[in-house]
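Coordinates in review
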Amino acid sequence: MKWGFFTPTHILTLVLAAAMLVALYYGLRNKSQKIQTMVLFPLSLSGIAAIVFNLLRWGSPLEYLPLHLCSLNALVLPFAVLTRNKKLCNLLLVWCLGALVALIANFEVQDAELFGETFNFYFFPHVFEFGIPVLMFRLGLAKKDPDCIGSTISITMLLYTLVHLCNVLINRYCAMVGNGIRVNYMFSMEPTNPLVALFHRLIPHDYWHMYLVIPIVLVYLLIVYAPELRARYSTLSLRSHAA
């Protein structure tokens, strides 16, 4: 049975993903932070396992380098779980959305056999790349900090710029050797899905079109940090009145 895109099977796997994360939350919420970390850390390594699988399985490493946002998430996630670093954890509040989008818009793997190796090394890592950052905040392993908005956007766009340069260099090399490979990590080149195509119509220039993500991310972060921002504003107001 093929996974499909928004077929009943695809929708059921999204329900399964939600159920897995809810079960993890209720299973861990009354446990110590040590036990929570001991459970989440091995799960956080699933993304690295997927990177290794893709590099070895398909015989074309240049096309499967860990340069998409989900792969960068996979590399950072284990360190975030172990260290609970504030900037890393808040950064993953944005990066985890890429994994959620990949689960919903599964265009590239919609023909994969359900619970076959391709499905398993795509579905489960993306579930945990989305779910573990959310669980860390829900379980109290990490704390939201609006002061991290600047570092989140700066780090993301810096890495995006470096990835675009990798795209350019790899594609020039591949054109020179004539191997027919053309990469498009983080979608910085020509559009390959409907959402990126919309961005590219609005700004018809490679690299620059993805800057339209910034206002979307800002709105998302303002919603995510709204309770903290309200609390901070209330505290400042009380101090000003007291003065």
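This text follows the structure it describes.
What comes next is a walk through the structure. Sequence order as written defines residue numbering, which begins from 1 separately in each chain. Whole-chain, interface and lining totals are the exception, using all residues; otherwise, since this is a predicted model, local features are given only for residues with pLDDT of at least 70 and side-chain atom pairs are given and counted only at 80 or more. Hydrogens and waters are ignored; side-chain quantities use all the structure's heavy atoms.

Turning to the overall build of the protein chain, a few remarks are in order. Under the scheme used here, helices are H or I runs from DSSP no shorter than 4 residues and strands are E runs no shorter than 2 residues, and both carry numbers assigned from the N terminus. The helix and strand tally for the protein chain stands at 10 helices and 0 strands. Seen in sequence order, the protein chain has helices and strands lined up from the N terminus as α-α-α-α-α-α-α-α-α-α. At 20 Å, the protein chain has a C-alpha radius of gyration in line with the 18 Å of a compact globule built from 243 residues. Dimensions of the protein chain, computed from C-alpha atoms along their principal axes, come out at roughly 70 × 40 × 35 Å. Out of the 243 residues in the protein chain, the part that is buried amounts to 42%. Here, two residues are considered to be in contact whenever any of their heavy atoms come within 4.5 Å of each other. Pairs at least 24 residues apart make up 69% of the contacts formed inside the protein chain by residues separated by at least 6 positions. Just so you have it, the protein chain exposes about 13,200 Å², and 69% of that area is on carbon and sulfur atoms. Here the positive residues are Lys and Arg and the negative ones are Asp and Glu; neither His nor the chain ends is included. Note that the charge is assigned to NZ on lysines, CZ on arginines, CG on aspartates and CD on glutamates. Computing the positive centroid from 17 side-chain charges and the negative centroid from 11, the protein chain places the two 15 Å apart. Our radius of gyration is a C-alpha quantity, and the globule rule it is checked against amounts to 2.2 Å times the number of residues to the power 0.38. Three labels apply to residues, based on accessible area from a 1.4 Å probe with only protein chains included: buried if under 20% of the type maximum, exposed if over 50%, partly exposed otherwise in between. For the area figures, the Shrake-Rupley method with a 1.4 Å probe applies, and any residue is considered shielded solely by the protein chains shown.

By definition, a salt bridge exists where a carboxyl oxygen of Asp or Glu is found within 4 Å of a side-chain nitrogen of Lys or Arg. Inspection of every chain in the model, using the stated rule, returns 7 salt bridges. The partner of Lys2 in a salt bridge is Glu113, and the shortest N-O contact between them spans 3.7 Å. A residue pair is termed long-range when its members are at least 10 positions apart, and Lys2 in the segment before α1 (8-28) and Glu113 in the loop between α5 (86-104) and α6 (117-138) qualify at 111 residues. On the accessibility criterion, Lys2 (47% relative accessible area) is partly exposed. In this structure Glu113 comes out as partly exposed when scored by relative accessible area, which is 41%.

So, about the layout of surface pockets. Cavities and pockets were defined on a 1 Å grid built over protein atoms only: a cavity is a set of grid points that admits a 1.4 Å probe from which the probe cannot escape, a pocket is an open set flanked by protein on both sides within 12 Å along at least five of seven lines, and lining residues are those with an atom within 4 Å of any such point. Grid points are joined across faces, edges and corners, and a volume is the space filled by probe spheres set on the points. Each pocket or cavity is described by its volume, and for the largest pocket that value is around 1,800 Å³. Forming the boundary of the largest pocket are 50 residues, of which His68, Leu69, Cys70, Ala102 and Phe187 lie nearest the centre. Within the residue set of the lining of the largest pocket, elements represented by two or more residues are α3 (46-57), α4 (69-83), α5, α6, α7 (149-177), α8 (194-202) and α9 (213-224). In terms of residue count, the dominant contributor to the lining of the largest pocket is α6 (6 residues).

With that out of the way, let us pick up α8. What α8 keeps buried is the set Val196, Ala197, Phe199 and His200. In a view along the axis of α8, the buried residues occupy a sector of 160°, so they form one face of it. In α8, the exposed positions angled more than 90 degrees off the buried face are occupied by Pro194, Arg201 and Leu202. Buried positions along α8 lie against α9. Picture the helix axis, draw a direction to every C-beta atom, and the arc is the one those directions span.

Each nonpolar core is a collection of buried residues, namely Ala, Val, Leu, Ile, Met, Phe, Trp, Tyr and Cys, held together in the definition by side-chain atoms within 4.5 Å. One finds Leu40, Phe123, Val127 and Met136 to be the most contacted residues of the largest nonpolar core, which totals 61 residues. When contributions to this core are tallied by element, the ones reaching two or more residues are α1, α4, α5, α6, α7, α8 and α9. If we ignore the near neighbours within four places in the chain, the residues touching Met136 are Leu40, Ala80, Val81, Arg84, Cys89, Leu141 and Ala142.

On to the environment of Arg138, then. When you line up the elements, Arg138 lands in helix α6. Note: C-alpha distance between Arg138 and Tyr25 (113 residues apart in sequence) is 7.9 Å.

Closest axis-to-axis distance for the α5/α9 pair is 11 Å, and the angle between their directions is 120°. Between α5 and α9, the interaxial angle falls into the category oblique. The two elements α5 and α9 meet at a crossing, and its hand is right-handed. Here Leu93, Val94 and Leu97 of α5 lie close against α9, whose contacting residues are Val217, Tyr220, Leu221 and Val224. In terms of residue class, the contact of α5 with α9 is made up of 7 nonpolar, no polar and no charged. The angle between two axes is taken between their N-to-C directions and runs from 0 to 180 degrees, where each axis is a line fitted to C-alpha atoms and a helix contributes only its stretch in contact. By definition in this entry, angles of less than 35 degrees are roughly parallel, angles greater than 145 are roughly antiparallel, angles of 65 to 115 are roughly perpendicular, and the rest are oblique. The hand of a helix crossing depends on one turn: near helix anticlockwise from the far one by less than a right angle means left-handed, and clockwise means right-handed. Charged means Asp, Glu, Lys or Arg here, nonpolar means Ala, Val, Leu, Ile, Met, Phe, Trp, Tyr, Cys or Pro, and polar covers whatever is left, Gly included.

This brings us to the packing of aromatic side chains. A pair of Phe, Tyr and Trp rings is counted when the ring centres sit within 6.5 Å of each other, with Trp represented by its six-membered ring. The angle between the planes then sorts it: under 30 degrees is stacked, over 60 is edge-to-face, the rest tilted. As enumerated under the stated definition, the model contains 18 aromatic pairs in all. Here Trp3 and Phe119 contribute two aromatic rings whose centre-to-centre distance is 4.8 Å and whose plane-to-plane angle is 85°, an arrangement assigned as edge-to-face. Pair noted here: Trp3 is in the segment before α1 and Phe119 is in helix α6, with a separation of 116 residues, a long-range link. By relative accessible area, which is 0% here, Trp3 ends up buried.

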